[in-house]
Amino acid sequence: MRLTYLGYSGFCLETRNADFLMDCIGGYRRGSRPVAALVSHDHADHWRPAAVACADVLVRGMVPGETREIYGARIRAYGSTDEGVSFLISVEGKQIFHAGDLNFWHWAEESTPEEVAQARADYENVLSTLRGEKIHAAMFPVDPRMGRDYALGAELFLKEIQPEKLIPMHFWNHPEAAWEFARLHPRVAAMTAPGSYLIL
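All right, on to helix 1 (residues 113-130) then. Over its 18 residues, helix 1 extends 26 Å from the first C-alpha to the last, a length consistent with the 26 Å expected when each residue adds 1.5 Å. Those residues of helix 1 that fall on the buried side of the exposure criterion are A119, Y123, V126, L127 and L130. Along the axis of helix 1, the buried positions cluster into a sector of 105°, meaning they face one direction only. Residues of helix 1 that are exposed and point over 90 degrees away from its buried face: P113, E114 and N125. Buried residues belonging to helix 1 abut strand 7 (73-78), strand 9 (94-98), strand 10 (137-141) and helix 2 (152-161).

This next bit is on the pattern of salt bridges. Taken as a whole and judged by the stated rule, the model has 12 salt bridges. Among the ionic pairs, R16 bridges to E92, the shortest N-O distance being 3.9 Å. Pair noted here: R16 is in the loop between strand 2 (10-14) and strand 3 (19-22) and E92 is in the loop between strand 8 (86-91) and strand 9, with a separation of 76 residues, a long-range link. Classification of E92 by relative accessible area gives partly exposed; the value is 30%. Among the salt bridges present, the one from D42 reaches R60, with a minimum N-O distance of 3.0 Å. Here D42, found in the loop between strand 4 (35-39) and strand 5 (57-60), pairs with R60, found in strand 5; they are 18 residues apart in sequence, far enough to count as distant.

Turning next to the nonpolar core. Membership of the largest hydrophobic core comes to 58 residues, with the highest contact counts inside it found for L13, I89 and F157. Filtering out sequence-adjacent residues up to four positions away, F157 remains in contact with F97, Y123, L127, L130, I135, A138, F140, Q162, P163 and L166. By size, the runner-up hydrophobic cluster in this structure holds 12 residues, among which are C24, V35, A51 and V52.

Below, the discussion takes up the packing of aromatic side chains. For the coordinates displayed, the defined rule picks out 7 aromatic pairs. Aromatic pair Y5 and F11: ring centres 5.3 Å apart, planes at 55°, arrangement tilted. Residues Y5 and F11 agree in their burial class; the two are buried. A network of ring pairs unites the aromatic residues F97, F104, Y123, F140 and F157 as a single cluster. Stacked on the ring of Y197, the Lys or Arg R2 has its end atom at 4.3 Å from the ring centre.

The rules behind the values
Throughout, residues of each chain are indexed from 1 in the direction in which the sequence is written. The model is predicted, so local features are restricted to residues of pLDDT at least 70 and side-chain atom pairs to those at 80 or more, both for listing and for counting; the totals for chains, interfaces and linings are taken over all residues. Calculation of side-chain values draws on the structure's entire complement of heavy atoms; hydrogens and water are dropped beforehand. A run of H or I in DSSP becomes a helix once it reaches four residues, and a run of E becomes a strand once it reaches two; helices and strands are each numbered from the N terminus. Take the residue count of a helix, subtract one, and multiply by 1.5 Å to get its expected span. Only protein chains enter the accessibility calculation, which uses a 1.4 Å probe. A residue is then buried if its area is under 20% of the maximum for its type, exposed if over 50%, and partly exposed in between. In this description, one arc is meant: the one made by directions from the helix axis to the C-beta atoms. By definition in these notes, contact holds between two residues if any of their heavy atoms fall within 4.5 Å. A pairing counts as a salt bridge when a side-chain nitrogen of Lys or Arg comes within 4 Å of a carboxyl oxygen of Asp or Glu. The criterion is simple. A nonpolar core is a set of buried Ala, Val, Leu, Ile, Met, Phe, Trp, Tyr and Cys residues joined through side-chain atoms within 4.5 Å. Classification of ring pairs uses Phe, Tyr and Trp, with its six-membered ring standing for Trp, and accepts pairs whose centres are within 6.5 Å; under 30 degrees between planes counts as stacked, over 60 as edge-to-face, and the remaining range as tilted. Charge-over-ring contacts are defined here by two conditions on Lys NZ or Arg CZ: a distance within 6 Å of the ring centre and an angle within 35 degrees of the ring normal.

Fair warning: the whole summary comes from geometry, so function is off the table for now.
Printed below as a string of structure tokens:
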């Protein structure tokens, strides 16, 4: 399988049977293979109808716990700490996780201690549903807008869920955030140029 970065939070997972687009807002060119487009939520930076108009199957509006079988892959929705869901794709003996907007969202320089504690509790609640899953690759937000704790959610995900690989996303126009996080963690692969890919 090949996982290709399309930009922002968008990726394409190429399996034997199909291409699976995840939160694609552009950068994908359809070939001859079937295409399934997975949309975590309706924010414009994750969902642009024109970008996935080529898809044969559109998976949108899932709820946590829901499962769908598409082109030989099992897709299970998990919770989020923002809109919509995160999702886990089980295919060809591997499990690939896309966080959508799941993260430990807080701004330490601005949030009250109570707000930070609530944000952490909400985040830990979703993580608890993922414990025990063997995740081979996870795409997860590393967002420099959050200031000094820009990667704290990703660090906790690495520690508690222990994916084999974590790929930063949602870093806006600051690829240096992904590079720095990858420098600090050997299991992190920074793909910051659209078209870059990993073989899974």
